[in-house]
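Summary of the model geometry
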Amino acid sequence: MALALSAVGFFVFLGGVAVLAACLLPTYRARQPGRATIAVIAAAIGVITFVAAGQLMLLQKRQTANHATHDSAAAHSGTAVPVAKPVVPARPGTSPVERHPWIVLPIVFALGLIMVTAMMEWTAAFLVRRPGHTKVPVDADELKNRLLALNEGGVKYRLVPAKECDLKLEWDVVDASWHNLFSKIKLSTLYGARMLFDPARHEVRWCEWLRTRDFFIGLRGWGLVMNWSWELRVGYIDILWKGKAFGVQAGFPPRVEKIYDFSINTVQVKREISAVVMQSGWAFRPVIFWFQASRSRFPRLPDSWSLKLFPNWPETRLRGLVAALMWLLFIGCLLWMVGDESVWSVRNLFVVAVISAGWWTIWGLLTGLLVYLAKPKDGRA
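The structure contained in this document is the topic of the report that follows. (Residues numbered from 1 in each chain as written. Predicted model: local features only at pLDDT ≥ 70, side-chain atom pairs only at ≥ 80, totals over all residues. Heavy atoms only, no water.)

The subject of this paragraph is the overall build of the protein chain. In terms of helices and strands, the protein chain carries 10 helices and eight strands. Split into buried and exposed, the 381 residues of the protein chain put 36% on the buried side. Once local pairs closer than 6 in sequence are excluded, the contacts in the protein chain between residues at least 24 apart make up 66%. Accessible area of the protein chain: about 22900 Å², with a carbon and sulfur share of 66%. (Helix = DSSP H or I, 4+ residues; strand = E, 2+ residues; numbered from the N terminus. Buried < 20%, exposed > 50% of the residue type's maximum accessible area, 1.4 Å probe, protein only. Contact = heavy atoms within 4.5 Å. Areas by Shrake-Rupley, 256 points an atom, 1.4 Å probe, with all protein chains shown as cover.)

Structural data, given as structure tokens:
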């Protein structure tokens, strides 16, 4: 009973702090007036519930100790008492993580991975850009034709049909090699994205990736150096990058001149494509995994179940609930790993609540900053 009460208090307090963090955003505060007051009340109720659960735990411990003292005194006096199950005190080396580390640790790692994924999905839900209610969605073929028309507008990237999705973005940002004094350098950067159409929801799922490869061989100082690096980013990428490559031109005397001039602005790319999508009456939905923008049936299962269980819930609220539940389950599993009842004291639970509040506040601020940077600054869609 006390453990369930503490879990309820933890969840209520966490929800209040999360809503307070969301109220720091002016747009959310304007859409949901009065939510800050409700969030403060919920956080206060959560703290009171924590204290009540802790007092109940202490009361149960006192009652157990009193029963044990009474049974011992009755045994010394010769009074017959009913035989109770002996209470075995916890001994070192009996916690779950010490007894079965090969089972407990993978479970905790999996829960932590799922928790972080749920929090990232909650953040991505704030990045969905939806058209106005007056926009009538066009069919998928018309939307594809409108997006392909961007290729004729002088953009640096290309949109092409693909088998694994409806459209694929391709951009060879940098593919150059040059010589410096006693060295050779090669830089290759490719930017791409997948777009999958969801006619049932009139959504375009967007997943982008950026691959960078760098190669250097030559002299640095008096030593021969050879470096090779490779980097891949997948998900939601905001990059504004400009650069110039200078190298040694052939001839005598050697001349150092500009070899290559390159730039990339993924924010502008998303704004151009999302503008066409929303003008067509569809929503632009960024996703964090590449398979969510593929034709596989696996990524559509969670969305179909969420529509059946919570048909009237907005996406941000539903994903926020899943993220909070996974956080609660992960923290509870960590406390269970210790295997000591003293961990569930009021003081320790209060410390966990403060750490959780700080974590969610920082995550909420980072989410708000990401949403602010993703919005167009020139008044366009």
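Below, the discussion takes up the nonpolar core. Counting residues in hydrophobic clusters, the biggest one holds 29 residues, and the most contacted among them are Leu 147, Leu 169, Tyr 191, Trp 206 and Ile 273. Put simply, the parts of the chain that give this core at least two residues each are α6 (140–148), β2 (167–180), β3 (183–198), β4 (203–220), β7 (255–265) and α7 (266–279). Not counting residues within four places of it along the chain, the set of residues in contact with Leu 147 comprises Leu 159, Leu 167, Met 195, Phe 197, Ile 273, Val 276 and Val 277. Judged by nonpolar contacts, the second largest core, of 21 residues, contains Leu 14, Met 115, Phe 330 and Val 352. (Core = buried A, V, L, I, M, F, W, Y, C linked by side-chain atoms within 4.5 Å.)

Moving on, we come to the environment of Arg 271. As for its placement among the helices and strands, Arg 271 is situated in helix α7. Taking relative accessible area as the criterion, Arg 271 reaches 17% and is therefore assigned buried. Through-space distance from the C-alpha of Arg 271 to that of Ala 374 is 8.5 Å; in sequence the pair is 103 residues apart.

The subject of this paragraph is a nonpolar patch on the surface. A cluster of nonpolar residues, Trp 228, Trp 230, Leu 232, Val 234 and Trp 290, forms a patch on the protein surface that exposes about 600 Å² of accessible area. Counting through the fold element by element, Trp 290 comes out in the loop between β8 (283–286) and α8 (300–309). (Patch = residues over 30% accessible without salt bridge, like charges linked within 9 Å, V, L, I, M, F, W, Y side chains within 5 Å. Salt bridge = Lys/Arg side-chain N within 4 Å of Asp/Glu carboxyl O.)

For the coordinates displayed, the defined rule picks out nine salt bridges. When the shortest N-O distance is used, the salt bridge between Arg 285 and Glu 203 registers 3.5 Å. With Arg 285 in strand β8 and Glu 203 in strand β4, this residue pair connects regions lying 82 residues apart in the sequence. Each member of the pair, Arg 285 together with Glu 203, is buried. Within the structure, one salt-bridge network assembled from shared partners comprises Arg 130, Glu 203 and Arg 285.

The topology assignment puts Gly 320 in helix α9 (residues 315–338). Separated by 199 residues in sequence, Gly 320 and Glu 121 have C-alpha atoms that sit 8.5 Å apart.

So, on to unusual backbone geometry. The phi dihedral of His 202 is positive, around 55 degrees, even though this residue is not glycine. Tracing the backbone shows His 202 in the loop between β3 and β4.

The next point concerns the environment of Phe 215. Summarising the element assignment, Phe 215 is placed in strand β4. Judged by its relative accessible area of 26%, Phe 215 is partly exposed. Phe 215 sits 30 residues away from Ile 185 along the chain, and the two C-alpha atoms are 5.7 Å apart. Discounting chain neighbours no more than four positions away, the residues touching Phe 215 are Lys 184, Ile 185, Lys 186, Met 226, Asn 227 and Trp 228.

Interaxial distance between α9 and helix α10 (residues 346–374) falls to 12 Å at its minimum, and their mutual angle equals 145 degrees. The chirality of how α9 crosses α10 is right-handed. Along its contact with α9, which presents Ala 323, Ala 324, Trp 327, Ile 331 and Leu 335, the element α10 presents Leu 349, Val 352, Ser 356, Trp 359 and Trp 360. Residues of the contact of α9 with α10, tallied by class, amount to nine nonpolar, one polar and no charged. (Axes fitted to C-alpha atoms, helices over the stretch in contact; angles between N-to-C directions. Left-handed = near helix turned anticlockwise from the far one by under 90°. Nonpolar A, V, L, I, M, F, W, Y, C, P; charged D, E, K, R; others polar.)

Examined against the element boundaries, Asp 198 turns out to sit in strand β3. Buried and unpaired, Asp 198 has no salt bridge, with Arg 205 as the nearest side chain of opposite charge at 4.0 Å. Residue contacts for Asp 198: discarding those within four places in its chain leaves Glu 203, Arg 205 and Trp 282. (Lys, Arg positive; Asp, Glu negative; His and termini not counted.)

Attention now goes to the packing of aromatic side chains. Applying the stated criterion across every chain yields a total of 11 aromatic pairs. Connected via pairs of aromatic rings, a cluster forms that spans Trp 122, Phe 126, Trp 327, Trp 359, Trp 360 and Trp 363. (Phe/Tyr/Trp six-rings, centres within 6.5 Å; stacked < 30°, edge-to-face > 60°.)

Where α6 meets α7, the axes come as close as 10 Å, and the angle between the chain directions of the two elements is 150 degrees. Considered as vectors, α6 and α7 are oriented roughly antiparallel to each other. In this structure, α6 meets α7 at a crossing whose hand is right-handed. Contacts from Leu 143, Arg 146 and Leu 147 of α6 reach α7 at Ile 273, Val 276, Val 277 and Gln 279. (Parallel < 35°, antiparallel > 145°, perpendicular 65-115°, else oblique.)

Next up on the list: the state of the cysteines. Among covalent bonds in proteins, the disulfide is the one between the sulfur atoms of two cysteines. What the rule picks out here adds up to zero disulfides. Not engaged in a disulfide, the cysteine Cys 207 finds its nearest cysteine sulfur in Cys 165; these two sulfurs lie 9.9 Å apart. Under the relative-accessibility criterion, Cys 207 is labelled buried at 3%. (Disulfide = S-S within 2.5 Å.)

Everything listed here is a matter of geometry and, on its own, says nothing about what the molecule does.
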